[in-house]
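# Per-entry structural report
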Amino acid sequence: MIIITKKLIALDLDGTTLNNDTQISAKTIATIHAAEKQGYIVSIVTGRPNRLSENYYDELHLKTPMINFNGNLGILPHQAWDREYQYTINKEFVTELLEKSKPLGLSLIAVEGRNMFLANRGLNSGFGFFPSTLKTNQVLSCQSLKENPISITVQVEPELKAGLIDFVQTQFGDQVEVSPWGGPHPIVEIATKGIHKSTGLKFLADYYGILQKDIIAFGDEGNDLTMMQYAGTGVAMKNAIDRIKDLADDVTDFTNDEDGVANYLQDHMDIAVGQ
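This one's a predicted model, so the numbers in the text were calculated from it and none came from an experiment.

Glancing now at the packing of aromatic side chains. Under the criterion given, the structure shown has nine aromatic pairs. An angle of 70 degrees between the planes, with centres 5.7 Å apart, marks the rings of Tyr85 and Tyr87 as edge-to-face. Owing to a relative accessible area of 14%, Tyr85 belongs among the buried residues under this scheme. By relative accessible area, Tyr87 is classed as partly exposed at 33%. Counting every residue linked through ring pairs, the aromatic cluster contains Trp81, Tyr85, Tyr87, Phe203, Tyr207 and Tyr208.

Rendered as C-alpha cells:
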C-alpha cells in the first residue's frame, strides 16, 4: 500500500497506547513500525513530562518530535533542536504557592521543565509520576528554583481543592489554568493558559505540512479532547470516559489493555504488519 498524502497519527500514552501495566505491547510496537513503513508519521502527544515518556519514544524507535505537558513542550528527545518550543509559568507564582501552602492545603508542590524536576517533598503514593525520595538537588525552595517551570503539580487536601482552584483562577487566571487529574487523586496541574494538546498537534501538522483532515488522534481522557477535535479523525478508546466517546468521530472496538490502538490501525486503516 502506497500513501501519497502524508498522514499523521497522534498517540496519547496513558489509557491509550499504554496498557494497564503502563507498557506498550509487542503488537502495538509492530503495528506502529508497520504504519511508519507505509508512510504514516507517528508522534506521541502526552500529558506526561518528557522524563516519563522518552522511554516509550525510544521503545517505539520514533524519530519525530514529541509533545509533552499537554502541549506545553515540543522537543526532539535526546538532542537540541532549533524548532523546540516551551510555554512556561512565572516562577514567582511558585513562590506564592510555597508561602501559602498551609492555608491552601498543599501537601505536595512539584515543578517541572524539560530538564528540571523539583518538589517540596517525596510522595510515597506517587502514582508512578513522582519519586518517593528526593535527591538533594531536587528539593524545591525559592532558592533552588532558578528558572520558570513548564508545569506545576500540587496535591491538595480534598476538602480544600475547590478553594485552591478558586484562588488560582482569581489571582492568576489571566496567566494560567487549572486541570484537576481524573480519578480519585487529589492532584491539580497548573500550566499556561490556553495551551492544550491541540497546540502541540497543530505544531506537528504545520511542521510536516499535514492538513487537519489527514490527522488521526487517539485518546481517552479530558485532556485529549482538544487534539481529538483538531484532528480530522478523533478516535476514542473503548475505555475512554463517556464525554470523550460521545464527542469522538470513532471509538475503538478494544480497550487499551486489548491492543485497542493496534487493532484499530490494522482493521480501519489497513496497516499491515509484516509487510
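For the rest of this paragraph, the subject is the sheet that holds strand β1 (residues 8-11). The parallel open sheet is built from five strands, whose spatial order is β2-β1-β11-β12-β13. Looking at which strands have only one partner, the edges of the open sheet turn out to be β2 (41-44) and β13 (250-251). Packing of helix α7 (residues 197-208) onto the sheet brings it into contact with β1, β2 and β11 (215-219), and relative to β1 it is tilted by some 155 degrees.

For the structure shown, the criterion picks out two cavities of 30 Å³ or more. What the largest cavity holds in volume is close to 50 Å³. For the largest cavity, the full set of lining residues is Thr16, Thr17, Asn19, Gln23, Ser25, Thr28, Asn256, Asp259, Gly260, Val261 and Ala262. Counting residues per element, the ones that place at least two in the lining of the largest cavity are α1 (13-17) and α10 (260-268). Per element, the largest residue contribution to the lining of the largest cavity is three residues, and it comes from α10. Looking at side-chain class alone, the lining of the largest cavity contains two nonpolar, eight polar and one charged residues. In this model, the second largest cavity occupies a volume close to 30 Å³. In this structure, the second largest cavity is lined by Thr252, Asp253, Phe254, Gly260, Asn263, Tyr264, Asp267 and His268.

Attention now goes to unusual backbone geometry. Although it is not a glycine, His78 sits at a positive phi angle of roughly 70 degrees. As for its position among the elements, His78 is in the loop between β4 (73-75) and β5 (85-86). Despite not being glycine, Asp270 has its phi angle at roughly 55 degrees, a positive value. The topology assignment puts Asp270 in the segment after α10.

Conventions and cut-offs
- Residues numbered from 1 in each chain as written.
- Predicted model: local features only at pLDDT ≥ 70, side-chain atom pairs only at ≥ 80, totals over all residues.
- Heavy atoms only, no water.
- Phe/Tyr/Trp six-rings, centres within 6.5 Å; stacked < 30°, edge-to-face > 60°.
- Buried < 20%, exposed > 50% of the residue type's maximum accessible area, 1.4 Å probe, protein only.
- Pairing = 2+ DSSP bridges.
- Helix = DSSP H or I, 4+ residues; strand = E, 2+ residues; numbered from the N terminus.
- Contact = heavy atoms within 4.5 Å.
- Axes fitted to C-alpha atoms, helices over the stretch in contact; angles between N-to-C directions.
- 1 Å grid on protein atoms, 1.4 Å probe; cavity = no way out; pocket = protein on both sides within 12 Å on 5 of 7 lines; lining within 4 Å.
- Points joined across faces, edges and corners; volume = space filled by probe spheres on them.
- Nonpolar A, V, L, I, M, F, W, Y, C, P; charged D, E, K, R; others polar.

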